[in-house]
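# Examination of the molecular architecture
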Amino acid sequence: MIDAETRALAERVLDACRAQGWTLATAESCTGGLVAGALTEIAGSSDVVDRGFVTYSDAAKMAMLGVSQVTLDTYGAVSEQTAGAMAKGALERAGVDLAVSITGIAGPGGGSATKPIGLVHFAAATRQRLIHHEKRYGDVGRSEVRRLSVTEALSMLHDLAA
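In this report, we go over the structure that sits alongside the text. (Residues numbered from 1 in each chain as written. Predicted model: local features only at pLDDT ≥ 70, side-chain atom pairs only at ≥ 80, totals over all residues. Heavy atoms only, no water.)

This part is about helix H1 (residues 4-20). In a regular helix each residue adds 1.5 Å, so 17 residues correspond to 24 Å; H1 covers 25 Å between its end C-alpha atoms and thus fits that length. When we look at burial in H1, the residues that qualify are Thr6, Leu9, Ala10, Val13, Leu14, Ala16 and Cys17. Across the axial projection of H1, the buried residues extend over an arc of 160°, all falling on one side. Exposed side of H1, more than 90 degrees from the buried face: Ala4, Glu5 and Ala19 are the residues found there. The elements touched by buried residues of H1 are strand S1 (24-28), helix H2 (34-40), strand S2 (49-54), strand S3 (98-104) and helix H6 (142-161). Sitting at the amino-terminal end of H1 is Asp3, which places a side-chain oxygen 3.2 Å from the backbone nitrogen of Glu5. Two residues or fewer after H1 comes Gly21, characterised by a positive phi angle close to 75°. (Helix = DSSP H or I, 4+ residues; strand = E, 2+ residues; numbered from the N terminus. Expected span 1.5 Å × (residues − 1). Buried < 20%, exposed > 50% of the residue type's maximum accessible area, 1.4 Å probe, protein only. Arc of directions from axis to C-beta. Contact = heavy atoms within 4.5 Å. Polar contact = N/O pair within 3.5 Å; in protein donor to acceptor, adjacent residues only side chain to side chain.)

Spelled out as structure tokens, the structure:
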């Protein structure tokens, strides 16, 4: 189901988490659970992967992850601030050691001058650290934005766990 490169990266994430004794959760919007899917494609991943939150709507982000209405109203769903709140919310709500979040505009519609198609915000968090990344993939197609986002999220997880 996943390509060899993604599988190898997912395996490295799982191995790094096992070495730390960590569990993880994902909080996904535009990828709709693809990061959790890539990790759980690997047999035995249940010792690391606790859960995945698919929070496509603003209401889901608020109810499941505790993202505030103020954050969403002020910065929008696709923002560094919302990605950070999603990662922190997943970390806290799941009680895990590591979390990653993704929120973006995969297209083909939904973009604007300030938030174009292909803009994706990521955050990854441990109890001690929160990192953010922003990627502007451009209008490369919905599937490609999502594929590239999975790779970026897995890379962020690995960087924090290694």
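Picking up after the structure, the text goes on.
Okay, the pairing of strand S4 (residues 119-126) next. Note on strand geometry: in a regular strand, side chains alternate between the two faces of the sheet. With eight of eight residues buried, S4 lies mostly within the body of the structure. The two faces of S4 match: Leu119, His121, Ala123 and Ala125 on one face and Val120, Phe122, Ala124 and Thr126 on the other face are all buried. Relative to S4, S3 is paired through seven bridges, and the arrangement is antiparallel. The partner of Ser101 across the bridge, within S4, is Ala123. Direction of pairing for S4 relative to strand S5 (residues 130-136): antiparallel, over a ladder of seven bridges. By the bridge assignment, Phe122 is partnered in S5 with His133. Here S4 folds back onto S5 in antiparallel fashion, the turn holding three residues. (Pairing = 2+ DSSP bridges.)

In short, geometric facts, not functional conclusions.
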